[in-house]
Amino acid sequence: MGVTHDNSIAVLGSTGSIGQQALEVAAFLGLEVRAIAAAGSDLGLLLEQTRAFLPQIVAVADGGAAGEFSRMMGGDERLKAALGGRRVELLGGADGVCAAAAQGGAQTVVSAISGAAGLPASISAVKAGKTVALANKETLVMAGRLVMGLSARHSAPILPVDSEHSAIFQCLRGQARGDAEKLILTASGGPFLRRDASGLVGITPEQASAHPTWRMGRKISIDSATLMNKGLEVIEASMLFEMGPDQIDVLIHPQSVVHSMVVFRDGAVLAQMGVPDMRAPIQYALTYPERREGPVAAPDFAAIGQLTFEAPDFGRFPCLSLAYTALRAGGTAPAALNAANEAAVELFVGGKIKYTDIPRLVESAMEQHAQGDDMSIDDINEADRAARAHVYKTAPAP
């Protein structure tokens, strides 16, 4: 894979969990941050990041928040002093985020905007021929074949940032792809792995967000509790590595040390291991094909003591089964799955449905999904819209 680095990056979703860690890694490595983009929900943090990295471009997806941020920058004397008369270009709205991805002057774009909202900017970066360090799994869940086709056409490498896909990418390095027979994604099992199914009804968003091993944002933490996150990763792995659903397995691995494995046709298995710290796969994507000293230490295996694995219970984690169903259906089914889940998690966080309603609503939306196979952006957007509408319309009272 031809990847070149000029020590400059853009970070989309800079105020989110992955975005903040990407900037931390960039600072450690001495990379120049030429553009940052954020939704606009934490303007104070965005201003701190602007002061710290002095990017050429800052984009705020929320147009109203962009106006407020412009006023904040104009009144910040520390920022003015640090810039020394240089101007930061401020862009607003979704188009502004796409422009930051495509025109920010950076060779590598970290795509870390959460959810379906990250798809347009990821596509913009790919079309601009950027190297995309992809942390937004929804890009490939919703539009995998389209995006991978654009990646080849525009010579825009896609380097996975998800720890599981980074692990597979590392295990496959130097191997003949035809020799790989199966991928094994590991999952911690989330906070409710040992909880009886009857005890899930009263789960709160705070409990569902309390991931036992990883430091992540609220939405992805809840997806990890339901195992929907792992289901989305199965779909992403299929797109990235051209493997069918029967070639991708999931194992529960509570210690989160083995990030994923590859089974080869001679019976050999390669595994990538590390402490559960997203800065490690972020750094690998930012320095590939090199390895550099970084902020993450190797695991202390004597302290860990043991590594355990078990098969997932699809009955207790129906979201994982639904993801496999969507992958087998193909077309726009994965986009509908993702949209229904985003809508259901939004309702759960807002206290409008129960935790156990999430898989029921996703399954209902999938049953009502009108399959589309052309996979244009319009097809994908329509599948997304219809699935969300179905969830909002049929959601039960809590």
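Described in the following lines is the structure provided in the data block.

**Description of the packing of aromatic side chains**
Applying the stated rule across the entire model yields 6 aromatic pairs. Measuring from ring centre to ring centre gives 5.1 Å for phenylalanine 169 and tyrosine 288, while their planes differ by 55°; the resulting arrangement is tilted. With phenylalanine 169 in helix H8 (residues 163-172) and tyrosine 288 in the loop between helix H12 (279-287) and helix H13 (301-304), this residue pair connects regions lying 119 residues apart in the sequence. Of the two residues, phenylalanine 169 and tyrosine 288, neither departs from the other in class, the shared state being buried. Cluster of aromatic residues (ring-pair linked, three or more members): Phe169, Tyr284 and Tyr288.

**Points about the environment of threonine 356**
Looking at the secondary structure, you find threonine 356 in the loop between helix H15 (333-349) and helix H16 (357-368). With 158 residues separating them in the primary sequence, threonine 356 and serine 198 have C-alpha atoms 9.9 Å apart. Contact partners of threonine 356, with chain neighbours within four places excluded, come to Leu200 and Val201.

**What about the pairing of strand E9 (residues 248-252)?**
Of the two faces of E9, only one is covered, namely that formed by Ile248, Val250 and Ile252; the face formed by Asp249 and Leu251 stays uncovered. Bridge analysis of strand E8 (residues 180-187) against E9 gives 5 bridges, and the strand direction is parallel. When the bridges of E9 are listed, leucine 183 appears paired with isoleucine 248.

**Some points on the sheet that holds strand E6 (residues 131-134)**
Spatially, 7 strands are ordered E4-E3-E2-E1-E5-E6-E7 in an open sheet, and the strand pairing comes out parallel. Taken across any chain shown, the strands that pair with only one partner, and hence form the sheet edges, are strand E4 (89-92) and strand E7 (158-160). Averaged over all neighbouring strand pairs, the angle between strand axes comes to 20°, with direction disregarded. In this structure, strand E3 (residues 57-60) lies alongside E4, joined through 4 bridges in parallel fashion. In the strand pairing of E4, isoleucine 57 is matched with glutamate 89. Of the strands in this sheet, E3 and E4 touch helix H3 (residues 63-74), which is tilted by about 160° from E4.

**Focus: helix H2 (residues 43-53)**
Among all positions of H2, only Leu43, Leu45, Leu46, Leu47, Gln49 and Thr50 are buried. Looking at the buried side of H2, the elements it contacts are helix H1 (17-29), strand E2 (32-38), E3, H3 and helix H4 (77-83).

**Brief notes about the layout of surface pockets**
Approximately 780 Å³ is the volume attributed to the largest pocket. Ser17, Ile18, Ser114, Gly217 and Ile220 are, among the 42 residues lining the largest pocket, the residues nearest its centre. Looking at which element gives the most residues to the lining of the largest pocket, the answer is helix H10 (residues 218-226), with 5 residues. Of the residues that constitute the lining of the largest pocket, the class distribution is 13 nonpolar, 19 polar and 10 charged. The calculated volume of the second largest pocket comes to roughly 400 Å³. Gln272, Ala280, Pro281, Arg291 and Val296 are the residues nearest the centre of the second largest pocket, which is lined by 26 residues in total. At the level of secondary structure, the elements contributing two or more residues to the lining of the second largest pocket comprise H8, strand E11 (269-273) and H12. The element best represented in the lining of the second largest pocket is H12, accounting for 6 residues. Across the lining of the second largest pocket, the residue classes break down as 12 nonpolar, 9 polar and 5 charged.

Definitions and cut-offs
Residues numbered from 1 in each chain as written. Predicted model: local features only at pLDDT ≥ 70, side-chain atom pairs only at ≥ 80, totals over all residues. Heavy atoms only, no water. Phe/Tyr/Trp six-rings, centres within 6.5 Å; stacked < 30°, edge-to-face > 60°. Helix = DSSP H or I, 4+ residues; strand = E, 2+ residues; numbered from the N terminus. Buried < 20%, exposed > 50% of the residue type's maximum accessible area, 1.4 Å probe, protein only. Contact = heavy atoms within 4.5 Å. Pairing = 2+ DSSP bridges. Axes fitted to C-alpha atoms, helices over the stretch in contact; angles between N-to-C directions. 1 Å grid on protein atoms, 1.4 Å probe; cavity = no way out; pocket = protein on both sides within 12 Å on 5 of 7 lines; lining within 4 Å. Points joined across faces, edges and corners; volume = space filled by probe spheres on them. Nonpolar A, V, L, I, M, F, W, Y, C, P; charged D, E, K, R; others polar.

From the geometry alone we can't say anything about function, so treat these as descriptive.
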